[in-house]
Amino acid sequence: MRKRALVVGLGIAGMAAAIGLRQAGWQPVIVEKAPDRRRGGYFVGLMPEGRQAAADLGIRDHLHTRNPPGGGKAWSLNRHGNLEPGLGFLHQPGDPAAVVRGDIEAALWEGIGAHGAGEPIPVRFATRPVEIDDSGADVRVLLEDTATGAWRRESFDLVVGADGMRSHVRRMVFGPHENHLTGWNAMICAFQLREQVPSFQEADSIISARAGRGAWVFGFADRPPTALLTYRTEDVEAEFTGSRIERLRTAFSDMDDPVVRHALDSLEETPDFLFDSVHQVKMPRWSRGRVVLVGDAAWCLNLYSGMGATFALRGGADLGRELRDHPGDLAAALTAWESRLRPAIVRHQHLARVKQQLFVPSNRPAEAVRSVVVRLACTVRERKLARTRTTEERAA
Ligand SMILES: Cc1cc2nc3c(=O)[nH]c(=O)nc-3n(C[C@H](O)[C@H](O)[C@H](O)COP(=O)(O)OP(=O)(O)OC[C@H]3O[C@@H](n4cnc5c(N)ncnc54)[C@H](O)[C@@H]3O)c2cc1C
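This one's a predicted model, so the numbers in the text were calculated from it and none came from an experiment.

So, on to the overall build of the chain. Secondary structure summary: the chain contains 11 helices and 18 strands in total. What you see for the chain is a C-alpha radius of gyration of 22 Å, in line with the 21 Å of a compact globule of 396 residues. Dimensions of the chain, computed from C-alpha atoms along their principal axes, come out at roughly 65 × 60 × 35 Å. Across the 396 residues that make up the chain, the buried fraction comes to 53%. A separation of at least 24 residues holds for 69% of the contacts in the chain among residues at least 6 apart in sequence. Approximately 17,900 Å² of the chain is accessible, and the part contributed by carbon and sulfur atoms is 52%. The averaged location of the 48 negative side-chain charges in the chain is 4 Å from the averaged location of its 52 positive side-chain charges.

On to the packing of helix H9 (residues 308-325) against helix H10 (residues 330-359), then. At a closest axis distance of 8 Å, the pairing of H9 and H10 adopts a crossing angle of 155 degrees. Here H9 lies roughly antiparallel to H10, going by the angle between them. Note that H9 runs across H10; the crossing there is right-handed. In this structure, H9 contributes Phe311, Arg314, Gly315, Asp318, Leu319, Arg321, Glu322 and Leu323 to the contact, and H10 contributes Leu330, Ala333, Leu334, Ala336, Trp337, Arg340, Leu341, Ala344, Ile345 and His348. Tallied by class, residues from the contact of H9 with H10 come to 11 nonpolar, 2 polar and 5 charged.

Here we come to the environment of Lys282. As for its position among the elements, Lys282 is in the loop between strand S16 (273-281) and strand S17 (287-288). In sequence terms Lys282 and Glu269 are 13 residues apart; their C-alpha atoms lie 36 Å from each other. The contacts of Lys282, once residues within four sequence positions are left out, are Asn179, His180, Thr182 and Gln349.

With that out of the way, let us pick up the site of the ligand. In the vicinity of the ligand, 34 residues are found, and the nearest of them are Glu32, Tyr42, Gly45, Asp296 and Ala309. The backbone of Thr310 places a nitrogen or oxygen atom 3.2 Å from an oxygen atom of the ligand. Across the complex, the protein chains shield 90% of the 1,000 Å² of accessible surface that the ligand would expose by itself. The class makeup of the residues in the shell around the ligand is 17 nonpolar, 10 polar and 7 charged.

Moving on, we come to the sheet that holds strand S10 (residues 151-156). Ordered in space as S8-S9-S10, the 3 strands form an open sheet in which the pairing is antiparallel. Where the open sheet ends on each side, the last strands, each with one partner, are strand S8 (127-134) and S10. Each strand of the sheet is rotated relative to its neighbour by a mean of 25 degrees, with strand direction disregarded. Pairing geometry for S8 and strand S9 (residues 139-145), over 7 bridges, is antiparallel. Following the sheet pairing, Asp134 is matched in S9 by Val139.

What describes a pair of aromatic rings is the distance from one ring centre to the other and the angle between the planes of the rings. Per the stated rule, a full pass over the model turns up 13 aromatic pairs. Between Phe43 and Phe220, the ring centres sit 5.8 Å apart and the planes meet at 40 degrees, which makes this aromatic pair tilted. Note that Phe43 is positioned in strand S3 (residues 43-46) and Phe220 in the loop between strand S14 (213-218) and strand S15 (226-232), a separation of 177 residues in sequence. For the pair formed by Phe43 and Phe220, the shared burial category is buried. Seen in terms of ring centroids, Trp286 and Trp337 are 5.7 Å apart; in terms of plane orientation they differ by 65 degrees. Their pairing is edge-to-face. A residue pair is termed long-range when its members are at least 10 positions apart, and Trp286 in the loop between S16 and S17 and Trp337 in helix H10 qualify at 51 residues.

With 12 residues, helix H3 (residues 101-112) should reach 16 Å at 1.5 Å per residue; the first-to-last C-alpha distance of 17 Å fits that figure. With 9 of its 12 residues buried, H3 lies for the most part within the structure. Three or more residues of H3 are buried, namely Arg101, Gly102, Asp103, Ile104, Glu105, Ala107, Leu108, Gly111 and Ile112.

Okay, the UniProt feature "domain: FAD-binding" (unreviewed entry) in the chain next. According to UniProt, the feature "domain: FAD-binding" (unreviewed entry) maps to residues 5-323 in the numbering used here. Counted over residues 5-323, helix gives 26% and strand 30%. Its end C-alpha atoms are 12 Å apart.

Right, let's talk about the sheet that holds S14 for a bit. Strand order in the open sheet made by the 7 strands is S5-S4-S13-S14-S15-S12-S16, with mixed pairing throughout. Both outer strands of the open sheet, strand S5 (83-85) and S16, are each paired with one neighbouring strand and no more. Taking the axes of each pair of neighbouring strands and ignoring which way they run, one obtains an average angle of 25 degrees across the sheet. Bridge count between S14 and S15: 6 bridges; the pairing is antiparallel. Bridging across to S15, Ala215 finds its partner in Leu229. Packed on one face of the sheet, helix H6 (residues 244-251) meets strand S12 (181-192), S14, S15 and S16 and runs near 70 degrees to S15. Taken strand by strand, H10 contacts S12, strand S13 (205-210), S14, S15 and S16, and its axis lies near 50 degrees from that of S12.

Within this structure, the stated rule accounts for 0 disulfides. Counting only cysteine sulfurs, Cys300 is the nearest neighbor of Cys189, a cysteine outside any disulfide, at a range of 17 Å. Residue classification places Cys189 among the buried residues on the basis of a relative accessible area of 0%.

Right, let's talk about the environment of Ala395 for a bit. Residue position: Ala395 is located in helix H11 (residues 364-395). Given the relative accessible area of 71%, Ala395 is considered exposed. Along the primary structure Ala395 and Gly315 are separated by 80 residues, whereas in three dimensions their C-alpha atoms are 42 Å apart.

Cut-offs applied
Residues numbered from 1 in each chain as written. Predicted model: local features only at pLDDT ≥ 70, side-chain atom pairs only at ≥ 80, totals over all residues. Heavy atoms only, no water. Helix = DSSP H or I, 4+ residues; strand = E, 2+ residues; numbered from the N terminus. Rg over C-alpha atoms; globule rule 2.2 N^0.38 Å. Buried < 20%, exposed > 50% of the residue type's maximum accessible area, 1.4 Å probe, protein only. Contact = heavy atoms within 4.5 Å. Areas by Shrake-Rupley, 256 points an atom, 1.4 Å probe, with all protein chains shown as cover. Lys, Arg positive; Asp, Glu negative; His and termini not counted. Charge placed at Lys NZ, Arg CZ, Asp CG, Glu CD. Axes fitted to C-alpha atoms, helices over the stretch in contact; angles between N-to-C directions. Parallel < 35°, antiparallel > 145°, perpendicular 65-115°, else oblique. Left-handed = near helix turned anticlockwise from the far one by under 90°. Nonpolar A, V, L, I, M, F, W, Y, C, P; charged D, E, K, R; others polar. Near = heavy atom within 4 Å. Polar contact = N/O pair within 3.5 Å; in protein donor to acceptor, adjacent residues only side chain to side chain. Pairing = 2+ DSSP bridges. Phe/Tyr/Trp six-rings, centres within 6.5 Å; stacked < 30°, edge-to-face > 60°. Expected span 1.5 Å × (residues − 1). UniProt positions renumbered as here; feature names shortened; annotations may be inferred. Disulfide = S-S within 2.5 Å.

Printed below as a string of structure tokens:
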């Protein structure tokens with residue numbers, strides 16, 4: 001009989017893990033607390049490891065990417081209001097694929113459904129685990145259907161907690177959030193702009209970063225840009241009180257530039273935005289008995305790292321591979337999976353601190369250093385592009 005797995009969370013990590021499990025011959029079922037799919041969303045740059053994981057999961061052909069030609073133009077707006085060539089997310093090594101979160105979600109949805117390689121994976125919306133009891137021989141889970149209020153107990157061979165940064169599976173099985181969530185004293189707000197910032201090209205990316213605050217506009221080839229406003233704060237709790245837009249207007253009050261103005265005005269009109277505090281998840285071990293965590297639930301790298309979606313895909317694909325390679329030995333499969341993945345996760349958790357300075361410099365000296373670094377990187381990039389053009393002209 002095929003082994004059954006409960007996957008908690010219909011995000012990138014959950015769907016990737018479910019497809020990985022199916023590839024390993026398991027029978028996964030996904031439960032999602034929301035009543036429906038979460039589509040659309042913010043800019044995500046998918047790195048080569050993530051694209052390879054998408055290929056391994058058989059969803060690469062379903063993935064719609066939106067890179068402007070040549071990575072598009074990026075602009076930096078400095079504190080004197082001057083515009084300079086900038087360095088966009090898409091200009092970093094590895095040629096990230098430009099997508100919105102919903103593009104990855106949609107590709108995975110195809111993969112778990114009728115167009116995937118294998119039988120469709122059942123998804124139960126408005127459902128969440130209430131109790132998880134690992135007996136050693138199986139895991140008994142009490143599931144609540146939040147639409148009807150009905151409760152039902154089921155038995156699984158494995159529970160995969162893919163329920164995000166504030167994971168309930170983690171809290172129930174591994175302990176309270178305080179033990180695993182590290183605070184970064186920073187906030188983010190991500191949303192779709194109604195239109196590009198006036199006087200810029202549709203696919204342009206624009207960055208306006210000052211000490212403690214950063215406004216980013218991410219341009220795409222075929223849809224309006226998305227915006228990210230991020231700022232540092234000493235009191236995260238206070239940021240969740242009162243109106244979100246007022247909080248943001250206060251944080252950006254002395255940055256009266258066209259990017260910030262346009263983003264804040266757009267935000268007032270959109271019902272759909274993400275406003276949250278920034279954290280990382282750090283755990284000494286991602287599995288206990290027959291319960292394993294993946295994605296943000298296990299190792300949230302946070303948005304500054306720019307690797308969360310990439311590793312959510314990689315983690316799910318690799319979990320399937322290790323289960324396939326260790327049939328009948330769950331403990332060995334989980335140990336092998338974690339030891340392969342953990343060094344890269346730890347490296348990117350450290351790197352995120354450095355990258356945070358690019359998104360939102362911590363103070364005036366950091367802002368100045370950031371400007372110099374970006375200018376140097378732009379010069380290097382320009383020279384490289386010029387050399388490539390010359391070589392191509394000669395060859396022609
Ligand atoms: C603004 C922003 C920009 C980003 N940019 C990038 C980028 O450029 N590149 C990149 O690689 N990554 C990026 N990331 C990170 C990336 O989006 C995340 O790491 C990734 O989407 C995490 O996926 P996940 O499936 O682990 O978690 P989530 O997306 O949080 O999914 C968890 C799911 O579990 C469900 N759930 C929660 N609790 C329960 C419960 N009790 N029962 C049932 N279901 C539950 C939730 O409703 C949700 O559907 C960015 C993130 C943000 C916020």
